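# Geometric and topological summary
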Amino acid sequence: ADGAHPYTRVGRYLESAVRNAASGDTRAAQTCLQRALAIVDRHGFRRALVDSRLPVREILTDYVGDDRPFRMVATQLLERMVADAGSGPSRYVETLTERELMVLGFLPTMMSNSEIAAEMFFSVNTVKTHLKSIYRKLEVSRRRDAVVRARELNLI
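The text that follows walks through the structure, step by step, so that each part is easy to find. These figures come from a predicted structure and were not determined experimentally.

The next subject is the overall build of the protein chain. Counting secondary structure elements, the protein chain contains nine helices and zero strands. Counted from the first residue to the last, the protein chain has its helices and strands arranged as α-α-α-α-α-α-α-α-α. Across its three principal directions, the C-alpha atoms of the protein chain cover 50 × 35 × 25 Å. Within the protein chain, buried positions represent 41% of all 156 residues. In the protein chain, of all internal contacts separated by at least 6 residues, the share reaching a separation of at least 24 is 63%. Of the roughly 9100 Å² that the protein chain leaves accessible, carbon and sulfur atoms contribute 49%. With 24 positive and 19 negative side-chain charges, the protein chain shows a spacing of 5 Å between the two charge centroids.

Per the counting criterion, the structure on display carries three salt bridges. Among the ionic pairs, Arg-149 bridges to Glu-152, the shortest N-O distance being 3.7 Å. Of this pair, Arg-149 and Glu-152 both sit in helix α9 (residues 143-152), three residues apart, which is roughly one turn of the helix.

Let us now look at the nonpolar core. Judged by nonpolar contacts, the single largest core of 47 residues is most densely connected at Leu-37, Leu-49, Leu-60, Leu-104 and Leu-138. Tallying contributions element by element places helix α2 (residues 26-43) first for this core, with six residues. When neighbours within four sequence positions are excluded, Leu-60 is seen to be in contact with Leu-33, Leu-37, Leu-49, Ala-74, Leu-77, Leu-78 and Met-81.

Over its 18 residues, α2 extends 26 Å from the first C-alpha to the last, a length consistent with the 26 Å expected when each residue adds 1.5 Å. Within α2, the full set of buried residues consists of Ala-29, Gln-30, Cys-32, Leu-33, Ala-36, Leu-37, Ile-39 and Val-40. Within two residues after α2, Gly-44 carries a phi angle of roughly 80°, on the positive side.

As a packed pair, helix α1 (residues 6-22) and α2 sit with axes 7 Å apart at the nearest point and diverge in direction by 160°. By the angle class used here, α1 and α2 are roughly antiparallel. The two elements α1 and α2 meet at a crossing, and its hand is left-handed. Contacts from Pro-6, Arg-9, Val-10, Tyr-13, Leu-14, Ser-16, Ala-17, Asn-20 and Ala-21 of α1 reach α2 at Ala-28, Ala-29, Cys-32, Leu-33, Arg-35, Ala-36, Ile-39, Val-40 and His-43. Residue classes in the contact of α1 with α2 are distributed as 13 nonpolar, three polar and two charged.

Criteria and cut-off values
- Residues numbered from 1 in each chain as written.
- Predicted model: local features only at pLDDT ≥ 70, side-chain atom pairs only at ≥ 80, totals over all residues.
- Heavy atoms only, no water.
- Helix = DSSP H or I, 4+ residues; strand = E, 2+ residues; numbered from the N terminus.
- Buried < 20%, exposed > 50% of the residue type's maximum accessible area, 1.4 Å probe, protein only.
- Contact = heavy atoms within 4.5 Å.
- Areas by Shrake-Rupley, 256 points an atom, 1.4 Å probe, with all protein chains shown as cover.
- Lys, Arg positive; Asp, Glu negative; His and termini not counted.
- Charge placed at Lys NZ, Arg CZ, Asp CG, Glu CD.
- Salt bridge = Lys/Arg side-chain N within 4 Å of Asp/Glu carboxyl O.
- Core = buried A, V, L, I, M, F, W, Y, C linked by side-chain atoms within 4.5 Å.
- Expected span 1.5 Å × (residues − 1).
- Axes fitted to C-alpha atoms, helices over the stretch in contact; angles between N-to-C directions.
- Parallel < 35°, antiparallel > 145°, perpendicular 65-115°, else oblique.
- Left-handed = near helix turned anticlockwise from the far one by under 90°.
- Nonpolar A, V, L, I, M, F, W, Y, C, P; charged D, E, K, R; others polar.

Here's what the structure looks like:
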């Protein structure tokens, strides 16, 4: 619990899993993967794993081969990766920063920009800057469209 957004923590655990697998430490790789899967299962950030540019398919395949707590989630993710790979090159959304993810989390609420700023201890201009970046990265132009797109990508 380092205070990072769950989406960010998934990425960190995946990086550790790949690093451990590359060094031959299968047990540590599976532990890191299991931590990532626990976050994915709890928060629903499946795109963090599916869109990861890290070579996680082999680690996931090994994980599914044994009786493990998040085996069903891992199986679903593997199936999604295979389906996405078969449909040609997938479009990746440019990675959102941790603060952008925090602002994004407030978008489905009815809070105004100034209320979000007060909640996050930011200035209203900072919130507006993050919103512009979020809209650009999600390729939308309105708050509502950003919420819809973020839900499609399991970011919120």
